[in-house]
Amino acid sequence: MFTLVLRGLMIATLVLSCSVRGGVAFADPFDDSIAAYDSGDYATAVRLIRPLAEQGNAQAQNAFGAMHYHGHGVPRDFKEAMKWYRLAAAQGNISAQLNLGSMYYEGEGVTEDLIRAHMWLSIVATQGNANAIKMRDVVSKSLTAQQLAEAQAMALKCATSNYKQCD
């Protein structure tokens, strides 16, 4: 039951990581890439989003990670998705942090790690994200008291280091 709830929340979160916007073109390359993505023109979306991601734009890194996660415009590759999510998460991108928590829970692109999943979900939950709160609470039920304490200590260290000491 918990896995089904968490999987549903994870899918919703990953889909939302590529923000839905109208299908019109914007003057901004990021907005244009999202519009292309939303219209199913993944080749254009990749062409526009990749340079932004490579230049360090956290939103673009998260979106590019989601494209790798779903295999839209690029081969489906969970490890590559993790790479881009990590880069965005290190800049404080909440969606990327939530995506990392989900992927650690599912063991996608990494070995399943409930402690690290809880860490990332806790970081996002402290910012009031309802999905993260629900997902963190589900993960909590699978951890021992010692594991929970470890996850909480890791989350504190990660957050207080401005996301520099998270691995």
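All figures in this text were calculated on a predicted structure; none of them were measured in a lab. (Residues numbered from 1 in each chain as written. Predicted model: local features only at pLDDT ≥ 70, side-chain atom pairs only at ≥ 80, totals over all residues. Heavy atoms only, no water.)

Overview of the overall build of the chain
For the chain, the count of helices and strands is nine helices and zero strands. Secondary structure elements of the chain, listed N to C terminal, follow the sequence α-α-α-α-α-α-α-α-α. Split into buried and exposed, the 167 residues of the chain put 46% on the buried side. Within the chain, contacts between residues at least 6 apart in sequence are counted, and of these 53% link residues at least 24 apart. Here the chain displays about 8000 Å² of accessible surface, and carbon together with sulfur accounts for 54% of that area. (Helix = DSSP H or I, 4+ residues; strand = E, 2+ residues; numbered from the N terminus. Buried < 20%, exposed > 50% of the residue type's maximum accessible area, 1.4 Å probe, protein only. Contact = heavy atoms within 4.5 Å. Areas by Shrake-Rupley, 256 points an atom, 1.4 Å probe, with all protein chains shown as cover.)

A short note on the packing of helix α2 (residues 29-38) against helix α3 (residues 42-54)
It is the contact of α2 with α3, at a shortest axis distance of 8 Å, that shows an interaxial angle of 155 degrees. For the element pair α2 / α3, the angle class is roughly antiparallel. As for how α2 packs across α3, the hand of that crossing is left-handed. Facing α2, whose interface residues are P29, F30, D32, S33, A36 and Y37, α3 presents Y42, T44, A45, L48, I49 and L52. Tallied by class, the residues present in the contact of α2 with α3 amount to nine nonpolar, two polar and one charged. (Axes fitted to C-alpha atoms, helices over the stretch in contact; angles between N-to-C directions. Parallel < 35°, antiparallel > 145°, perpendicular 65-115°, else oblique. Left-handed = near helix turned anticlockwise from the far one by under 90°. Nonpolar A, V, L, I, M, F, W, Y, C, P; charged D, E, K, R; others polar.)

With respect to the confidence of the model for the chain
Predicted confidence across the chain gives a mean pLDDT of 88, with 84% of residues reaching 70 or more. Taken element by element, the predicted model of the chain shows its lowest mean pLDDT in helix α1 (residues 2-16) (45) and its highest in helix α7 (residues 114-125) (98). A low-confidence stretch, residues 1-26 (pLDDT under 50), is modelled with 48 contacts involving residues beyond four sequence positions or located in other chains. (pLDDT = per-residue confidence, 0-100.)

Some remarks on the side chain of E108
Its place among the elements puts E108 in the loop between α6 (94-106) and α7. According to the relative accessible area criterion, E108 is buried, its value standing at 10%. Polar contacts involving the side chain of E108 include one to the side chain of Y69, which spans 3.0 Å. (Polar contact = N/O pair within 3.5 Å; in protein donor to acceptor, adjacent residues only side chain to side chain.)

Description of the state of the cysteines
Across all of its chains, the model carries one disulfide by this definition. Here C158 pairs with C166 through a disulfide, and the sulfurs are 1.9 Å apart. Where C158 bonds to C166 through sulfur, the torsion about that S-S bond is close to 75 degrees, and the disulfide is right-handed. Like C166, C158 is buried. (Disulfide = S-S within 2.5 Å.)

Brief notes about the nonpolar core
By size, the foremost hydrophobic cluster in this structure holds 34 residues, and its most contacted members are Y85, M119, W120, I123 and C158. Mapped onto this core, the elements with two or more residues apiece are α4 (58-70), α5 (78-89), α6, α7, α8 (130-140) and α9 (145-160). A total of nine residues in this core trace back to one element, the largest contributor, which is α7. If sequence neighbours within four positions are ignored, M119 has contacts with A151, M154, A155, C158 and C166. (Core = buried A, V, L, I, M, F, W, Y, C linked by side-chain atoms within 4.5 Å.)

A short note on unusual backbone geometry
Glycine aside, residues mostly have negative phi angles, and peptide bonds mostly take the trans form. Unlike most non-glycine residues, N162 shows phi in positive territory, near 60 degrees. Relative to the assigned elements, N162 resides in the segment after α9. A positive phi is found at Y163, a non-glycine position, where the angle reads about 70 degrees. Looking at the element boundaries, Y163 is found in the segment after α9. Overall, the relative accessible area of 17% leaves Y163 in the buried class.

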